[in-house]
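# Results of the structural survey
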Amino acid sequence: MRASKTFFQTYKETPTEAEIKSHQLMLKAGLIKQQASGIYAYMPLGFKVLKKIEQVIREEMNNAGAQELLMPGLVAQEVYLGRLEKFGDDMFKLKDRKGNDYCLTPTHEELFTLTVKDVVKSYKQLPFTLYQFQTKYRDERRPRFGLQRSREFIMKDAYSFDIDESGLEDSYIAMYNAYVRAFRRLGLDFVSVSADSGSMGGAGSEEFMVKSEVGEDNIVFCEHCGYSANEEKAMTMIEVVKPEKLKELEKVSTPNVKTIEEVSKFLGIDSKKLVKTLIYIADKKPVAVLIRGDHEVQDVKLINALNAVEVRLASSEEVEQYVNCGTG
């Protein structure tokens, strides 16, 4: 097609709503167009790029023996009955004209499983892997970074159905290798790390991370042993310390000294020898979290420890209400 006939428009000015370079370039080049907060249209040139990426992934999935299908994006809420609380406000919910509860699909594990349950009648039909390219919907609290954190996005999701744990391991390795090949073909600088399964559940989880200065996740890795993990999953090594002789209990005045750093400096004590107490609200209930002075609370680990849906730091007013003293 001639360029003069191509439907696109470029822009000289940097869009004010775009925070990161990739988002700015895609908008300026006319690849995408924002329709609402976290919702984008793929313009013809951007759509061509999207389809080329899809094709690379499709070829690798097919080469791994997976079969493509397409599930609906509008599903009865009862399908997600076991996880409705986990999704919380992230799920778009609606009613049809008869008052039945529906939702826009945030993920498709349940629907794939129910479909296979209706079709498969014997273990002899196993194993197999199904996959799709389908739109997912999640009501992100603060959509940003363009396509990296949006409320409507296209996901390639795949699900294997196996006879036993050994078969599951074979399917997992096949998918892992398919992703590695696809990412290499796309020229991505990536690393595989252990990750938290979140509301999806499961005994194990790995994420492929592309290193970026504007990413929303932190990863830790060891160049010597090869260990790598998402910060949400990473295990902290317990430091071996020499036991100290207990001193007499003493009450010390600390005027205008509120933070751990200030207390540590004021008392002349290493912050790792102090314990700080943080008041959190977990599913609308107050929780006191005690942690070593030089450590930080990781929200996902706290959610898992409390088996909660959502946690947040308490406000100054809430701390006053529940603890009967001010912060610090």
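The rules behind these values
- Residues numbered from 1 in each chain as written.
- Predicted model: local features only at pLDDT ≥ 70, side-chain atom pairs only at ≥ 80, totals over all residues.
- Heavy atoms only, no water.
- pLDDT = per-residue confidence, 0-100.
- Helix = DSSP H or I, 4+ residues; strand = E, 2+ residues; numbered from the N terminus.
- Contact = heavy atoms within 4.5 Å.
- Patch = residues over 30% accessible without salt bridge, like charges linked within 9 Å, V, L, I, M, F, W, Y side chains within 5 Å.
- Areas by Shrake-Rupley, 256 points an atom, 1.4 Å probe, with all protein chains shown as cover.
- Salt bridge = Lys/Arg side-chain N within 4 Å of Asp/Glu carboxyl O.
- Lys, Arg positive; Asp, Glu negative; His and termini not counted.
- Charge placed at Lys NZ, Arg CZ, Asp CG, Glu CD.
- Pairing = 2+ DSSP bridges.
- Axes fitted to C-alpha atoms, helices over the stretch in contact; angles between N-to-C directions.
- Phe/Tyr/Trp six-rings, centres within 6.5 Å; stacked < 30°, edge-to-face > 60°.
- Buried < 20%, exposed > 50% of the residue type's maximum accessible area, 1.4 Å probe, protein only.
- Core = buried A, V, L, I, M, F, W, Y, C linked by side-chain atoms within 4.5 Å.

Moving on to the confidence of the model for the chain. Looking at the chain, pLDDT values average 89 and 97% of them are 70 or higher. Mean pLDDT values over the elements of the chain span from 78, in strand β12 (residues 228-230), up to 98, in strand β3 (residues 67-68).

Within the fold, Arg142 resides in the loop between β7 (128-137) and β8 (152-161). In this structure the C-alpha to C-alpha distance between Arg142 and Gly38, which are 104 residues apart in sequence, comes to 8.3 Å. Among all residues touching Arg142, those that are not within four sequence positions of it are Glu19 and Arg149.

Together, Asp164, Glu165, Glu169 and Asp170 give the surface a local cluster of negative charge. Tracing the sequence through the fold places Asp170 in helix α5 (residues 165-185).

Moving on: the sheet that holds strand β5 (residues 93-95). As summarised here, the arrangement of the three strands in space is β4-β6-β5, forming an open sheet in which the pairing is antiparallel. Edge positions in the sheet fall to β4 (74-76) and β5, since each has one partner strand and no second. Strand-to-strand twist across the sheet, computed as the mean angle between neighbouring axes with direction ignored, equals 40°. Pairing analysis gives three bridges linking β5 to strand β6 (residues 101-104), with the strands arranged antiparallel.

Glancing now at the sheet that holds strand β14 (residues 285-292). As summarised here, the arrangement of the three strands in space is β14-β13-β15, forming an open sheet in which the pairing is antiparallel. The sheet is open, and its two borders are formed by β14 and β15 (311-313), each paired with just one other strand. On average, each strand axis in the sheet is tilted by 40° relative to the strand beside it, whichever way the strands run. Bridging between strand β13 (residues 275-282) and β14 involves eight bridges; their strand directions are antiparallel. Counterpart to Ala282 in the pairing with β14 is Lys285. Across the face of the sheet, helix α7 (residues 299-306) comes into contact with β13, β14 and β15 while running at roughly 125° to β15. Contacting β13, β14 and β15, helix α8 (residues 316-323) crosses the sheet at an angle of about 100° to β13.

Moving on: the packing of aromatic side chains. A full pass over the atoms with the stated rule returns ten aromatic pairs. Considering the side-chain rings of Tyr80 and Phe87, the 5.9 Å spacing of their centres and the 90° angle between planes classify their relative orientation as edge-to-face. What makes Tyr80 buried here is its relative accessible area of 0%. Judged by its relative accessible area of 7%, Phe87 is buried. Ring geometry for Phe183 against Phe208: centres 5.2 Å apart, planes inclined by 65°, an arrangement best described as edge-to-face. With Phe183 in helix α5 and Phe208 in strand β10 (residues 206-210), this residue pair connects regions lying 25 residues apart in the sequence. By the ring-pair criterion, three or more aromatic residues cluster together here, those being Tyr176, Tyr179, Phe183, Phe190 and Phe208.

Our focus in this paragraph is the nonpolar core. The biggest cluster of nonpolar side chains holds 16 residues, and the ones touching the most others in it are Tyr80, Met91, Phe112, Val116, Phe128, Leu130 and Phe161. The dominant element in this core, judged by the number of residues it contributes, is helix α4 (residues 109-119), at three residues. In contact with Tyr80, other than residues within four places in its own chain, are Val75, Phe87, Met91, Cys103, Thr105, Pro106, Thr107, His108 and Glu110. In terms of nonpolar packing, the next biggest core, distinct from the first, is built from eight residues, Tyr280, Ala282, Val287 and Val289 among them.

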